[in-house]
Each structure stands twice: as structure tokens, then as C-alpha cells.
Amino acid sequence: MDAFVLPDLGEGLTEAEIVSWHVRVGDIVAVDQEVVEVETAKAVVAIPVPFAGRVAELHARPGDLLAVGDPLITVSNDRAESGADGESGNVLIGYGTTAARPGRRRPAKHEPSMLSTERPAGSNGRVPVVSPIVRRLARNAGLDLASIRGSGRDGLVTRQDVENAIGVRETVRTGPPAGGAEQVTRTPLQGIRKVTADKLSRSRREIPEATVWVDADATELLHLRASLNADDAEPKISLLALLSRFAILGLRRHPELNAKVEDGVIVTGSAVHLGFAAQTDRGLLVPVLVGAQACTLEQLSVALADSTLRARQGTLGPAELTGGTFTINNYGVFGVDGSAAIINHPEVAILGIGRIIERPWIVHGQVAARQLTQLTLAFDHRVCDGQTAGGFLRFVADCVESPARVLRYL
Amino acid sequence: MTTTAEQDRALAAGQAVTMAGALNQALSDALSEDDTVLVFGEDVATLGGVFRITSGLAEAFGQTRVFDTPLAESGIVGTAIGMAMNGLRPVVEMQFDAFAYPAFEQITSHLAKLRNRTRGRVELPIVIRIPYGGGIGGVEHHCDSSEAYYTHTPGLRVVTPGTPADAYVLLRQAIKSPDPVIFLEPKRRYWSSEVVSAQADVPLDRAVVRRSGSDVTLITYGGALATTLEAAEADDRSAEVIDLRSLAPFDDETVIASVKRTGRAIVVHEASRFCGYGAEVAARVSEQCFHYLEAPVLRVAGFDIPYPPPSLEEYHLPNVDRILAAIDRLQWRETASVVQAAG
Amino acid sequence: MATSPMTPECLLPGPTPVALLDAAGQAIPGDSLDMPGDQVLLALYRMMVLGRRFDTQAIALTKQGRLAVYPSARGQEACQVGAVAALRPQDWLFPTYRDSIALVARGVDPVQVLTLLRGEWHSGYDPYDLRVAPQCTPLATNTLHAVGMARAAAIKGEDMVALVMLGDGATSEGDTHEALNFAAVWKAPVVFLVQNNGYAISVPLAKQTAAPSLAHKGIGYGVPGTLVDGNDAAAVYAVVRRAVTAAAAGAGPALIEALTYRVEAHTNADDATRYRSREEVDSWLARDPVTRLGEHLGRRGLLAAAAVAALEAQAEAEAAALRQRMNSGTRPDPADLFRYVYAKRTPELRRQQHELAAELADLEEAGNPS
């Protein structure tokens with residue numbers, strides 16, 4: 001129990017009259033809480049109580065005159081009794097403990113974590129991987145660690161395990177042994193192969209596509225390219241780069257083809273993130289050149305060559321394999337003319353070029369041997385019609401046949 | 001008092017110097033260049049110090065500036081604080097690591113805190129020189145490694161030289177620093193010598209790569225530096241050796257850049273492992289290099305025992321073999337690429 | 001410079017405490033110590049009255065929760081004021097956490113005196129302004145700082161004396177022993193003023209030492225010890241003045257034990273009834289130092305009623321001003337936590353400062369007052 005006496009209010013007073021109480025017996029009071037008003041010769045003063053606890057007794061009534069030092073209010077500071085907060089009150093060397101301030105909890109910020117969450121490995125929980133860097137390698141390749149059998153101690157997944165799963169080693173099929181039974185090889189669709197398979201299936205499943213194709217006389221283009229590449233000191237301009245540049249110009253005229261369909265919405269952007277199909281030992285990859293519309297022909301050529309090399313080396317990062325808005329496919333390198341290509345979901349069109357070979361063509365009313373190629377455009381018919389698709393393909397074909405005209409659009 | 005000495009003294013390139021000699025010269029040069037510098041402690045004046053680090057200084061600079069004190073470590077540090085408050089620059093000696101403990105309160109409650117306590121008005125540019133570490137067959141209490149107590153105290157700088165030439169540089173810089181510095185001298189290296197090459201003026205709070213490498217980063221300091229370099233030479237992998245020099249503050253930049261390149265790190269120190277300085281280094285490296293690591297960060301340290309008697313000291317101190325064994329445990333096989341593994 | 005070596009006996013205090021005024025304020029005739037001049041006595045009285053009012057106000061502020069803790073010096077005004085008045089401007093004062101009245105007497109802004117006790121920062125004033133070291137919380141550690149300060153002054157050829165205040169409990173600490181020893185060996189110009197107020201929190205002197213008096217301890221170091229009536233402001237002043245003068249002249253350190261009494265508990269949160277009797281406290285209240293000097297001055301006609309009234313009015317005014325100024329809350333900038341750890345913030349501290357700033361910004365954003 002603490003009795004608080006009328007303090008010296010600092011005005012030389014010896015007594016004060018109680019004006020009014022702010023609390024009643026039984027109230028819980030906190031340190032410094034104003035509990036009473038008293039009147040001195042000069043003013044009405046509110047007095048804070050220096051203890052916390054439950055008011056046990058008020059020692060005077062309004063109108064009573066108290067002398068300095070007379071008991072004013074008694075507060076019970078027994079914690080169990082008063083139900084106070086478990087605060088210590090003043091300790092020898094400081095303020096003591098205080099009740100926790102309300103509302104200090106930070107609102108949870110759901111920042112994307114740097115490490116994406118992994119699926120637990122079956123019922124065992126987290127898969128032990130030899131090092132963080134190898135774990136990340138697996139994640140970037142889209143591997144389900146649970147499907148990898150770790151060859152290290154206690155099932156530790158090693159770097160080789162991850163690389164094998166990604167498919168660095170080629171699966172070699174063995175032929176039937178001499179005079180033996182049929183050999184059957186089972187290769188699960190895994191890793192990159194699986195990712196690609198899923199994407200292709202989805203594309204065919206979701207997109208109502210149509211294809212237009214046209215033959216184009218590439219003779220002049222090849223001459224132009226040869227003269228561009230005459231100077232050994234300059235970077236070589238590739239056919240793919242030329243086609244890419246024409247496609248970009250075509251997309252400027254037909255921007256609806258530079259789009260993606262996401263959740264029933266056609267998303268069209270001003271930038272062209274150009275993907276191109278690259279065949280590698282690990283399967284089909286589609287590196288993306290971000291912001292290709294801002295590149296010169298030379299820059300495109302260099303970037304394409306670099307991306308191709310890195311795709312084959314397996315050093316492309318995830319950012320370089322996603323986010324495309326349009327894809328180009330040079331299947332001519334396989335020695336075929338045409339292809340009803342599968343659109344690179346969720347894009348809306350894919351441009352293809354076949355092999356370039358000498359064929360008979362009519363030039364100025366005469367049959368002549370020209371370098372001919374076939375261009376194809378597979379497109380999402382929900383997004384545009386034959387007029388757009390045909391218009392785009394015709395434009396690209398015109399660029400191929402008369403490359404000098406392209407200057408108009410630069 | 002007037003200052004007439006030339007500024008910017010340094011060790012001469014081509015000069016052969018022991019660590020003891022380098023420290024002695026550093027003190028001498030500091031006393032010459034700045035007449036607010038004092039050197040005091042037990043036996044430092046007439047005797048020149050039990051390790052002769054302060055030899056000749058009292059003769060050269062007089063017993064007002066270089067003097068012996070009564071045998072009282074708290075007194076030495078406490079009075080140094082008062083002197084620094086009055087504008088002097090004391091460089092005091094604690095005779096051995098364990099004998100600095102009586103001064104612990106003055107060091108942690110006052111030396112480390114007075115600047116902060118007075119919001120920068122009081123500055124204590126004091127250097128406390130402490131010979132530390134083992135490897136000299138010393139009896140009890142003469143071979144402790146107490147760096148963790150001081151590095152854990154905010155407000156102190158803790159530095160330790162690993163080479164003779166660097167001992168000169170670090171001590172000169174420590175004396176010039178406006179902050180209090182605990183200067184830990186690896187006593188086992190007092191007599192090792194080197195020929196001074198041209199010295200880069202590395203700042204007081206920076207680490208130095210003593211040996212470049214690409215396969216693993218060995219992080220160490222003070223007395224363990226020489227042993228670590230020996231291990232690096234002996235290993236057929238390419239080991240990078242970093243001499244921390246400054247234990248507090250810590251040079252994150254140099255260390256992290258190295259480990260990000262090598263992907264593997266080991267900390268080597270004499271002090272016992274549990275809650276030793278290496279724990280902080282390992283935590284920092286793990287935190288900041290996590291995605292670049294091929295293996296956990298290991299520590300090669302003394303056992304968690306009071307420092308052994310001379311007869312058993314060799315089993316306690318990190319040696320070349322132990323460091324090499326630790327390097328071997330860094331998951332080389334399990335993290336090798338298929339190409340490497342096959343080849 | 002004193003040339004005759006002191007005999008051991010000279011180092012011992014006299015058989016009774018030195019005093020100039022008796023309990024009723026009458027001058028005690030004697031020739032060992034000179035009574036201070038009238039102006040000095042009036043100044044002492046004035047500072048004691050103002051100091052007491054400050055102390056009382058601080059106690060009240062603590063009860064109001066405006067200070068975290070207040071170790072009162074009530075009853076020790078003669079020691080606090082007498083000692084400080086004996087210092088010259090160029091001398092240094094090394095106080096403990098209890099010596100608030102001494103600080104105010106020295107001229108430190110009362111609000112800054114209370115910065116530590118209010119919990120705003122660890123020290124509120126610039127030590128170099130009035131040559132007052134920060135209030136020392138650990139016991140006896142400041143004795144060594146004072147010795148170092150004085151030694152440096154001697155080395156630099158400065159005319160300066162350091163006065164360090166310590167309590168009876170602090171004389172048991174090792175640092176006190178080391179400081180007296182260093183000071184004596186160096187003949188440093190330090191005056192050690194032990195305010196023996198009878199208690200170290202709850203531990204009485206009898207449990208603290210078996211020495212005949214604390215002043216007797218000086219002989220062990222070769223330091224002259226003086227025992228003085230700590231409630232006799234005139235005597236305290238005279239003794240300290242004598243020691244300061246001697247130290248300034250190169251005589252070396254002095255140990256002064258002032259017998260006084262800690263009227264209040266150790267701090268506001270201490271319950272002194274648990275270890276001492278009401279009678280004991282009352283007996284010391286009857287020997288009030290302020291009353292004693294006041295009666296002396298009154299008897300000699302140096303203190304008119306009007307002057308007393310004016311002084312009390314000033315005390316009230318200062319107390320009111322203090323209350324007023326303490327009402328304005330000053331919370332330090334959390335960034336200050338990182339600013340003064342080293343001469344220059346390290347990269348790590350800069351990072352941690354930003355971390356805290358971001359935390360606080362989040363809280364503010366979420367609508368929580370930080």
C-alpha cells in the first residue's frame with residue numbers, strides 16, 4: 001500500500017483545498033495519472049499520482065482543506081490484487097519494466113523471397129543438396145529434386161546428380177545385340193525436355209491456330225548479305241538477323257502480332273522481345289533478346305550469335321529464356337522447306353523460314369534460276385485474322401525479295 | 001613542447017626487420033612525430049619491456065614520456081583515459097594477454113564508451129598494446145587469445161598484425177587513430193623477420209589478400225597467418241589467404257569478394273572455437289555468400305579448453321596438417337561437375 | 001614546491017574531524033584552519049539553498065515518473081557545495097552519479113545535469129565547458145581518470161588540479177587503491193574527496209572497512225589524509241581549498257574524508273527503512289548543514305530576513321523553471337545510437353542505422369507511433 005501525500009506543489013503553499021477527484025475507490029490508476037484537482041492560493045492544480053495500482057482510499061472530500069504532507073490517496077500496489085500489468089515500477093536504477101505498447105507489430109510484408117519455395121520431397125521433407133549453388137542450379141532448370149536420386153552419402157544430391165538430371169549426358173540408345181531379343185529403352189520426359197513438352201502441348205491445346213505461307217525470292221537478299229559481310233573486320237550479319245530485323249519492322253506495322261494472351265487478355269507491348277528457336281544437345285531452347293526493336297541489324301546479329309553459343313553451352317539464365325513476345329524459327333537448317341510450327345505459348349504468332357535453294361522462277365517473263373525460300377506464319381486466330389497475318393507475311397516477303405525497300409521504313 | 005621531427009616516417013624498402021624491431025621503430029617514430037604521444041606500462045622504460053618492444057625509448061625520449069608505472073593494469077588504462085581527456089595520446093602496454101583482465105572494466109565501460117557517452121565531445125585516442133597468443137612454450141596465463149572479448153565491445157578498434165612490416169604500419173595508424181585501439185601483438189612472431197618491400201598504405205580497417213588463389217579462401221590473422229600461408233603453399237589446390245588485420249571493424253568487402261569467387265571459406269585462429277572470433281566471420285560469410293558457397297564455412301581453431309601447458313601446446317594450436325585436413329573437407333568431390341568428375 | 005618530506009604521522013588525520021562551526025553554527029576557535037571570508041560563506045549558503053531546492057525538485061520529478069532514477073544528495077550539501085566552491089575555473093571535477101548538487105553549484109545547466117537520470121542520454125553536458133567529467137556510474141573508476149587528467153596537466157605544465165568525488169563504498173574498490181597509489185607515485189595534483197555518508201546502498205560503513213577512518217588509508221600510499229566534518233560547509237571549503245592550493249604548488253595528492261549523512265534512500269526506488277532506523281535519520285536531520293551555516297550567518301548579521309526571502313524566492317523560481325523545462329519531452333534521435341560509437345561511422349554501423357530507420361518507417365506507415 002502506498003500513501004501519496006499532498007506534495008509540495010512548489011509555490012510555497014502549506015495547504016490546498018480539494019476541488020474534485022478524477023478517480024474513485026477501486027479504480028486502477030497508472031503512474032502519473034492525474035487523480036485530483038486542488039486549489040491553492042494561486043490556481044487550480046491537477047496532481048498526478050506517482051504510484052500505479054488500485055485506489056484503496058481517498059483521504060479527503062471535495063471542499064476539504066489538506067496540509068502539505070497530509071495523506072491524499074492510498075493506492076494498493078499489490079499486483080495480484082490490483083490486476084496491474086506485471087510491471088515492476090521504478091527499479092533501483094531506472095524506470096523499470098513497462099507494459100508492452102499496443103500495436104507494435106509490423107504488418108507482414110510479403111516480399112517475394114529470393115529463394116522460391118521447394119516442394120517437399122515426398123514425405124521426407126527437404127531434400128539434402130550438397131551446396132546452395134547446386135540447389136539453385138537444379139531450381140533454375142526446373143528440376144523436381146524429389147525425383148533425383150542422390151548419389152552422395154545418405155542420399156545427398158550431388159552436382160553430378162543434378163547435371164545428369166538436366167541431361168548433360170546424352171541418353172544413348174543401344175541397338176539390339178547380335179542375335180538377341182528386342183532392346184527397349186525407357187526415357188522419362190524430365191528436365192528441360194519435360195518443360196518444353198508441356199509448353200508445346202499447351203500451345204496446341206489452347207490456341208486455335210492457322211498458318212499462311214509464301215515463297216520468296218531471296219536472291220537479292222543473299223547478294224546484299226554477301227556484300228555486307230565482305231569486310232572481315234566487321235561482325236558477320238546472319239540470315240537470321242536479317243529476317244529478325246524484317247520481322248521487327250513488320251511487327252511495327254502489325255503490332256497485334258507482338259502480343260501474348262494471358263488469362264483471356266491480349267497483352268500488347270511496344271517492345272519486341274524476340275525469341276528464336278535454338279537446337280542444343282539438351283533439347284530445344286528459345287533464347288529471348290529483350291528489347292530487340294532497339295537493336296541495329298549488326299547488334300541483332302551479334303546478340304543472336306552470342307545467345308546461340310550460350311544456349312549450346314548451357315549458360316543462359318532464366319531471364320534470358322522467358323518473356324518473349326514473338327518467335328522466329330529457322331528450320332531451314334534442317335533442310336526442309338516448310339513447317340506448320342507450334343506457336344510459342346503464350347505468344348500469338350511464330351515466323352518460320354525454310355531452306356534456301358535454287359529453283360526455277362519467273363523473272364521479267366522469263367524462267368530463271370533463283371534462290372528461293374518459303375516463309376510461314378502460324379498465328380492465333382483469336383487475336384487476328386487472315387488479313388493481318390497475310391499482310392505481315394507479305395511485308396516480310398517483300399523485304400526479303402527487295403531488301404533495298406526496307407530503307408523506307410528505317 | 002615543440003615538434004621538430006620529420007613527418008611520414010616509414011620502414012625503408014629493402015630493410016630487414018623483425019616484428020619486435022618494427023614495433024619498436026613504430027613507437028619511436030610516433031614519439032618523434034607527435035609530442036603528445038606517451039608510452040607507459042610495467043617494465044617498459046628502463047628494462048625496455050619484457051619482450052624489448054620498447055627498448056631504448058626511455059633513453060631517447062625521456063622518462064616523462066616513456067615511463068614505468070606501478071603494477072596495476074586497471075590503473076594503467078584508467079589513468080591513460082584521464083590523460084587522453086587532457087589531450088595526450090597514451091600508448092600503454094599490458095604485459096601479457098591474461099594480465100589485461102584487471103583493466104577489463106576500464107576498457108569496456110569507459111574506454112569503449114566515453115565518446116558515445118558524451119556524444120562525441122570526449123575523444124580517447126589510446127592504444128593498448130597486448131602481446132597475445134601461444135606458441136612460445138609459455139606457462140599458464142601467458143598465452144591466451146582474448147580478441148573475442150574486445151571485438152564484442154562496440155566502440156573499440158581491435159587490430160592485429162600478421163607480418164613484421166605490417167606491424168609497423170598498423171601500429172603507426174593505430175596511434176594516429178582518433179578511436180581507442182586494442183593492438184594485439186602475436187608474441188610468437190616477435191622474432192620472425194622479413195625484408196620490407198614497398199608498402200601500400202592500407203587503411204587501418206582493411207584486410208589484405210596475402211596470397212591469391214581461386215579454389216578456397218583461408219581467412220586468418222595475427223599469429224595464425226604464417227601457419228595458414230604455409231598450408232596454402234603445401235596444398236595443391238589454389239588457396240587464397242586473407243589477413244584480416246582489423247578484427248573490429250571487419251572488412252566485409254575484401255572477404256566477401258574473395259569467397260564469392262572461390263565458393264569455399266575456412267577461418268583459422270588460435271583462440272578456442274566456441275564463440276570464438278571465427279564464429280562471427282563464419283556467420284557473416286554464410287549470410288552474405290550463401291548462394292555462392294559450395295561447402296559450409298569451416299573453422300580451424302583451438303579446442304574449447306583453457307590454454308594448455310607447454311608440454312601439450314602443440315596439440316592445441318592450429319597447424320598446417322589440420323588446416324590441410326579442413327581444406328579436404330570442403331566437398332570437392334560432391335560438387336565437381338560431371339566433366340570434372342569423369343576426368 | 002614542498003621540500004620537507006612528510007613524516008608518517010603527518011599523513012594521518014587528526015583525532016577529531018576538522019570543523020569550523022559547531023552544531024549550532026558557532027565558530028570554533030582554532031588555528032589550524034582559516035575561516036573563509038564572508039563573501040565566500042554567503043556564496044556557500046546561497047548555493048546550498050539553491051542546491052537543496054534543486055534536489056527536492058528532482059525527487060518530486062522522479063515520483064512523477066519524469067526521471068528514471070534520482071540518487072539524492074540531500075544532507076550532503078555542505079560537501080557538494082563546499083568542495084566545488086574551492087575549485088578554480090581551470091580545475092577539473094570528477095563527480096559520481098550522486099553529485100548533482102555539486103554539478104549545479106559548478107554551473108552546469110540543471111536540465112543537463114538530469115539528462116543521465118532522465119534516461120535521455122548517458123550524459124547531458126560538454127565536459128570541456130566547465131571542466132566537469134561525465135557523471136560516473138561505476139564506482140571508483142573515475143578516480144583513475146582524475147589521476148590521469150592531473151598527471152597530463154603536470155606533464156604539459158598546466159596549472160590545474162583534479163578533484164574526484166567518491167563515496168565510502170567506493171573506497172573498497174580496487175581502482176581507488178590504484179588511483180591513490182598512482183597519484184602518490186606521480187605526485188599528481190589530485191584531491192580525493194570521500195563523502196562518507198554512512199551507507200553504500202544498504203551496507204553501513206562498519207561492513208565496508210575496518211580502518212580507523214577512511215582518511216587513515218592515505219598513509220598506506222604516502223598521501224596525507226584529513227578527516228573533516230562534512231556538514232560544516234566552511235570547514236569543507238577550507239580543507240579542500242588547502243588541498244587544492246597545495247596540489248597546485250606541487251605537493252601532490254591529498255585524501256579528504258568528509259563525514260556526512262545520506263538523508264534520503266539510495267535512490268527513489270530504495271526502501272531505507274529496511275536497513276536503518278528512523279531515529280538515526282532524525283539525529284542527522286538535527287545536524288542539517290544548511291541550517292547550521294544559516295544560523296552562523298544570521299548570528300553574525302550577514303543574512304537579513306529579506307535576503308533569505310529573496311534567496312528562497314529565487315530557489316522557487318529556479319525549481320519552477322526546471323519543472324517547466326523538464327515538461328518538454330526531448331527524445332533523442334535513434335540515429336544518434338550509431339553516430340558516436342567511433343569517430344566516423346563504420347560501413348556496418350551505417351547499415352544498421354538504415355535497418356533501424358527502415359523498421360521505424362514501416363511502423364509509422366502502418367500507423368503505429370514509433
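Residues numbered from 1 in each chain as written. Chains lettered and ligands numbered in written order. Predicted model: local features only at pLDDT ≥ 70, side-chain atom pairs only at ≥ 80, totals over all residues. Heavy atoms only, no water.

A.B. asks: Hey, could you run me through the interface of chain B and chain C in this one?
C.D. replies: When the parts of a complex come together, some accessible area is lost, and that lost area is often used as the size of the interface. Contact with chain B, which involves 40 residues of that partner, is made by 44 residues of chain C. Carbon and sulfur atoms supply 62% of the area buried between chain B and chain C, which totals about 3500 Å² over both sides. Interface area lost by chain B to chain C is led by Met 85, Asn 86 and Arg 119 of chain B, which between them contribute 21%. Our count for the contact surface shared by chain B and chain C stands at 2 salt bridges. Note that Arg 119 of chain B and Asp 336 of chain C form a salt bridge whose closest N and O atoms lie 3.7 Å from each other. Connecting chain B to chain C are 17 residue pairs in polar contact (both at pLDDT 80 or more). Where the side of chain B that touches chain C is concerned, the elements lending two or more residues are α3 (73-85), α4 (104-111) and α5 (114-117) of chain B. Ranked by residue count, the leading element in the side of chain B that touches chain C is α3 of chain B, at 10 residues. (Contact = heavy atoms within 4.5 Å. Buried area = accessible area lost by both parts, 1.4 Å probe. Salt bridge = Lys/Arg side-chain N within 4 Å of Asp/Glu carboxyl O. Polar contact = N/O pair within 3.5 Å; in protein donor to acceptor, adjacent residues only side chain to side chain. Helix = DSSP H or I, 4+ residues; strand = E, 2+ residues; numbered from the N terminus.)

A.B. asks: Just to check I follow, could you spell out the environment of Gly 137 of chain B for this structure?
C.D. replies: All names here are of chain B. Turning to its location among the elements, Gly 137 is positioned in the loop between β5 (127-132) and α6 (147-151). The exposure class assigned to Gly 137 is partly exposed, which follows from its relative accessible area of 39%. With 86 residues separating them along the chain, Gly 137 and Gly 223 place their C-alpha atoms 14 Å apart. Once residues within four sequence positions are removed from consideration, Gly 137 is found in contact with Pro 310 and Glu 313. (Buried < 20%, exposed > 50% of the residue type's maximum accessible area, 1.4 Å probe, protein only.)

A.B. asks: Would you mind showing me how to read the side chain of Ser 307 of chain A here?
C.D. replies: All names here are of chain A. Here Ser 307 is to be found in helix α7 (residues 297-313). Accessibility expressed as a relative area gives 7% for Ser 307, which makes it buried. If we ignore the near neighbours within four places in the chain, the residues touching Ser 307 are Phe 276, Pro 287, Leu 289 and Leu 316.

A.B. asks: Got a minute to help me understand a nonpolar patch on the surface in this structure?
C.D. replies: All names here are of chain A. Nonpolar side chains collect at one region of the surface, where Val 333, Phe 334 and Val 336 lie side by side and expose about 300 Å² of accessible area between them. Residue position: Phe 334 is located in the loop between β16 (326-330) and β17 (349-353). With a relative accessible area of 56%, Phe 334 lands in the exposed category. (Patch = residues over 30% accessible without salt bridge, like charges linked within 9 Å, V, L, I, M, F, W, Y side chains within 5 Å. Areas by Shrake-Rupley, 256 points an atom, 1.4 Å probe, with all protein chains shown as cover.)

A.B. asks: Looking at this structure, I do not really get the packing of aromatic side chains. What am I missing?
C.D. replies: We describe a pair of aromatic rings using the distance from one ring centre to the other and the angle between the two ring planes. This structure, assessed with the given rule, holds 19 aromatic pairs over all chains. For the pair Phe 395 of chain A and Tyr 409 of chain A, a centre-to-centre distance of 5.2 Å together with 65° between the ring planes defines the contact as edge-to-face. Here the residue Phe 395 of chain A occupies a position in helix α8 (residues 386-401), and Tyr 409 of chain A occupies one in the segment after α8, the gap between them amounting to 14 residues. Classification of Phe 395 of chain A as buried rests on a relative accessible area of 6%. With 5.2 Å between their ring centres and 5° between their planes, Tyr 261 of chain C and Trp 284 of chain C make a pair best called stacked. One end of the pair, Tyr 261 of chain C, is in the loop between β7 (254-259) and α12 (278-285); the other, Trp 284 of chain C, is in helix α12, and 23 residues separate them in sequence. Exposure class is identical for Tyr 261 of chain C and Trp 284 of chain C. Each is buried. Taken together, the aromatic side chains of Phe 51, Phe 96, Phe 99, Tyr 190 and Trp 191 of chain B make up a single cluster linked through ring pairs. One cation-aromatic arrangement involves Arg 264 of chain B over Trp 332 of chain B; the distance from NZ or CZ to the ring centre is 4.0 Å. The aromatic ring of Tyr 199 of chain C is capped on one face by Arg 276 of chain C, whose charged end is 5.4 Å from the ring centroid. (Phe/Tyr/Trp six-rings, centres within 6.5 Å; stacked < 30°, edge-to-face > 60°. Lys NZ or Arg CZ within 6 Å of the ring centre and 35° of its normal.)

A.B. asks: Teacher, can you tell me more about helix α2 (residues 132-140) of chain A here?
C.D. replies: Because each turn of an α-helix spans 3.6 residues, side chains separated by three or four positions end up pointing in the same direction. Residue and element names in this part refer to chain A. Along α2, the positions that sit buried rather than exposed are Val 134, Arg 135 and Ala 138. Seen end-on, α2 carries its buried residues on one side only, within an arc spanning 105°. On its buried face, α2 sits against α3 (159-166). Once α2 ends, the next one or two residues include Gly 142, with phi positive near 75°. (Arc of directions from axis to C-beta.)

A.B. asks: What is the right way to look at the sheet that holds strand β3 (residues 66-68) of chain B in this model?
C.D. replies: Adjacent strands of a sheet form backbone hydrogen bonds with each other and so pair up, either parallel or antiparallel. Residue and element names in this part refer to chain B. With respect to topology, 7 strands assemble into an open sheet ordered β3-β2-β4-β5-β7-β6-β12, the strand pairing being mixed. Edge positions in the open sheet fall to β3 and β12 (246-248), since each of these has one partner strand only. If you compare each strand with its neighbour and ignore which way they point, the axes differ by 20° on average. Relative to β12, strand β6 (residues 157-159) runs antiparallel, the two being bridged by 2 bridges. Residue pairing across strands places Val 158 opposite Ala 248, the latter belonging to β12. (Pairing = 2+ DSSP bridges. Axes fitted to C-alpha atoms, helices over the stretch in contact; angles between N-to-C directions.)

A.B. asks: Got a minute to help me understand empty space enclosed by the protein in this structure?
C.D. replies: Taking a probe equal in size to a water molecule and rolling it over the atoms shows the remaining empty space. Tallying each qualifying case throughout the model produces 4 cavities of 30 Å³ or more. For the largest cavity, the calculated volume is near 90 Å³. What lines the largest cavity is simply Met 85, His 110, Leu 114 and Arg 117 of chain B together with Phe 94, Pro 95, Ala 133, Pro 134, Gln 135, Cys 136, Asn 142 and His 145 of chain C. Among the residues making up the lining of the largest cavity, the classes are represented as 7 nonpolar, 4 polar and 1 charged. (1 Å grid on protein atoms, 1.4 Å probe; cavity = no way out; pocket = protein on both sides within 12 Å on 5 of 7 lines; lining within 4 Å. Points joined across faces, edges and corners; volume = space filled by probe spheres on them. Nonpolar A, V, L, I, M, F, W, Y, C, P; charged D, E, K, R; others polar.)

A.B. asks: How do you make sense of unusual backbone geometry when you look at a structure like this?
C.D. replies: If a residue is not glycine, its phi is most likely negative; likewise, a peptide bond is most likely trans. The linkage connecting His 345 of chain A with the following residue, Pro 346 of chain A, adopts the cis geometry, with an omega of 5°. Residue position: Pro 346 of chain A is located in the loop between β16 and β17. In this structure, Pro 249 of chain B follows Ala 248 of chain B across a cis peptide bond, with omega equal to -5°. Mapped onto the elements, Pro 249 of chain B comes out in the loop between β12 and α9 (252-262). The phi angle at Asp 154 of chain A is positive, at roughly 55°, despite the residue not being glycine.

A.B. asks: Honestly, the pairing of strand β10 (residues 216-220) of chain B in this entry has me stumped. Any pointers?
C.D. replies: Looking down a regular strand, the side chains alternate between one sheet face and the other. All names here are of chain B. Across the 5 residues of β10, 5 count as buried, placing the element largely inside the fold. Neither face of β10 is open: one carries Val 216, Leu 218 and Thr 220, the other Thr 217 and Ile 219, and all of them are buried. Pairing of β10 with strand β11 (residues 239-243), which is carried by 5 bridges, proceeds in the parallel orientation. When the bridges of β11 are listed, Ile 219 appears paired with Ile 242. This β-α-β element, β10 to helix α8 (residues 224-234) to β11, shows right-handed connectivity. With 4 bridges connecting them, β10 and strand β13 (residues 265-272) associate as parallel partners. If you follow Thr 220 over to β13, its bridge partner there is Val 268. (Right-handed = clockwise from strand over helix to strand, strands pointing away.)

A.B. asks: How should I be thinking about the pattern of salt bridges in this particular structure?
C.D. replies: When the charged atoms of two side chains lie near each other, side chains of opposite charge can form a pair. Applying the stated rule across the entire model yields 52 salt bridges over all chains. Measuring nitrogen to oxygen at the nearest pair gives 2.5 Å for the salt bridge that ties Asp 38 of chain C to Arg 300 of chain C. Of the two residues, Asp 38 of chain C is situated in helix α2 (residues 38-63) and Arg 300 of chain C in the loop between α13 (289-299) and α14 (305-327); the sequence distance between them amounts to 262 residues. Judged by relative accessible area, which is 31%, Asp 38 of chain C ranks as partly exposed. The exposure class of Arg 300 of chain C is partly exposed, given its relative accessible area of 38%. Through salt bridges with shared partners, one network takes in Asp 252, Glu 280 and Arg 284 of chain B together with Glu 348, Arg 351 and Glu 355 of chain C.

A.B. asks: I tried to follow the packing of α2 of chain C against α14 of chain C on my own but got confused; where do I start?
C.D. replies: Geometrically, a packed helix pair is captured by the angle between its two axes and the distance between the axes. All names here are of chain C. Orientation of α2 relative to α14, taken along the N-to-C sense of each, is 35°, at an axis distance of 9 Å. At the point where α2 passes α14, the crossing takes the right-handed sense. Contacts between α2 and α14 involve Tyr 45, Arg 46, Val 49, Leu 50, Arg 53, Phe 54, Gln 57 and Leu 61 from the first element and Leu 311, Gln 314, Ala 315, Glu 316, Glu 318, Ala 319, Leu 322, Arg 323 and Met 326 from the second. A per-class count over the contact of α2 with α14 returns 10 nonpolar, 2 polar and 5 charged. (Left-handed = near helix turned anticlockwise from the far one by under 90°.)

A.B. asks: Please explain the nonpolar core as it appears in this structure.
C.D. replies: Across soluble globular proteins, you tend to see nonpolar side chains buried next to one another. In terms of nonpolar packing, the biggest core is built from 81 residues, with Ile 128, Leu 244 and Val 285 of chain B together with Val 190 and Phe 192 of chain C touching the most fellow members. With 8 residues, helix α8 (residues 141-156) of chain C is the largest single contributor of residues to this core. The residues touching Ile 128 of chain B, leaving out its near neighbours within four places in the chain, are Val 77, Val 92, Met 94, Ile 107, Leu 111, Val 181, Ile 182 and Phe 183 of chain B. Counting residues in each nonpolar core, the second largest holds 67 residues, with Ala 58, Ala 105, Val 111 and Val 132 of chain C among its members. (Core = buried A, V, L, I, M, F, W, Y, C linked by side-chain atoms within 4.5 Å.)

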